[in-house]
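The chain contents come next:
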Amino acid sequence: MDTGEIILFQTQGGETKIEVRLAHESVWLTADQMAELFQRNKSTISRHIKNILESVELKRDSVVAEIATTASDGKTYNVAYYNLDMILSVGYRVNSHRGVHFIESFEAAPKEAPIHPQIGGGSPRPSLQSPST
């Protein structure tokens, strides 16, 4: 997967900031990022992802992308990123109020339209900022 553009998503209260990857007309988060966003532990997120894929609610090849990432130890690891369809499915299962704001920020954008932090007449989405701000 092309690594795409990265923007910063900030929760309404500003207590959490998550780097969101934008690529192929979708947003992409890791399981760790979903755990932070939805305020659940990673094992809960991973269990929901596993159940979603095993039930064939979503097909792995269309919702998961592996990206090589260099860790602080200097080693390269493949990290799984999940697109908006998976984020939505997990978000509805964990019923996180903080996650609702994230989901609403991206769910309203039509699938055919490229998702970008600027929408409409050039006005930015209130919860999305470029990393340079």
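Up top is the structure.
Overview of the structure. Keep in mind the model is a prediction, meaning the values are calculated, not measured.

**A look at the pairing of strand E4 (residues 64-70)**
Logical step 1: Bridging between E4 and strand E5 (residues 76-83) involves seven bridges; their strand directions are antiparallel. Note that in E5 the partner of Thr-69 across the bridge is Tyr-77.
Logical step 2: Between E4 and E5, which pair antiparallel and follow one another directly, the connecting turn spans five residues, one of which, Gly-74, has a positive phi of 85 degrees.

**Remarks on unusual backbone geometry**
Logical step 1: The backbone of Gln-39 sits at a positive phi, close to 55 degrees, despite the residue not being glycine.
Logical step 2: With respect to the helices, strands and loops of the structure, Gln-39 is situated in the loop between helix H1 (31-38) and helix H2 (42-54).
Logical step 3: Within the chain, Val-56 stands out as a residue other than glycine whose phi angle is a positive 60 degrees.
Logical step 4: Positionally, Val-56 belongs in the loop between H2 and helix H3 (60-63).

**Re the side chain of Thr-30**
Logical step 1: Mapped onto the secondary structure, Thr-30 falls in the loop between strand E3 (26-29) and H1.
Logical step 2: For Thr-30, a relative accessible area of 10% translates into the label buried.
Logical step 3: Residues contacting Thr-30, with those up to four places away along its chain left out, are Val-79, Ala-80, Tyr-81 and Tyr-82.

Rules used in this analysis
- Residues numbered from 1 in each chain as written.
- Predicted model: local features only at pLDDT ≥ 70, side-chain atom pairs only at ≥ 80, totals over all residues.
- Heavy atoms only, no water.
- Pairing = 2+ DSSP bridges.
- Helix = DSSP H or I, 4+ residues; strand = E, 2+ residues; numbered from the N terminus.
- Buried < 20%, exposed > 50% of the residue type's maximum accessible area, 1.4 Å probe, protein only.
- Contact = heavy atoms within 4.5 Å.

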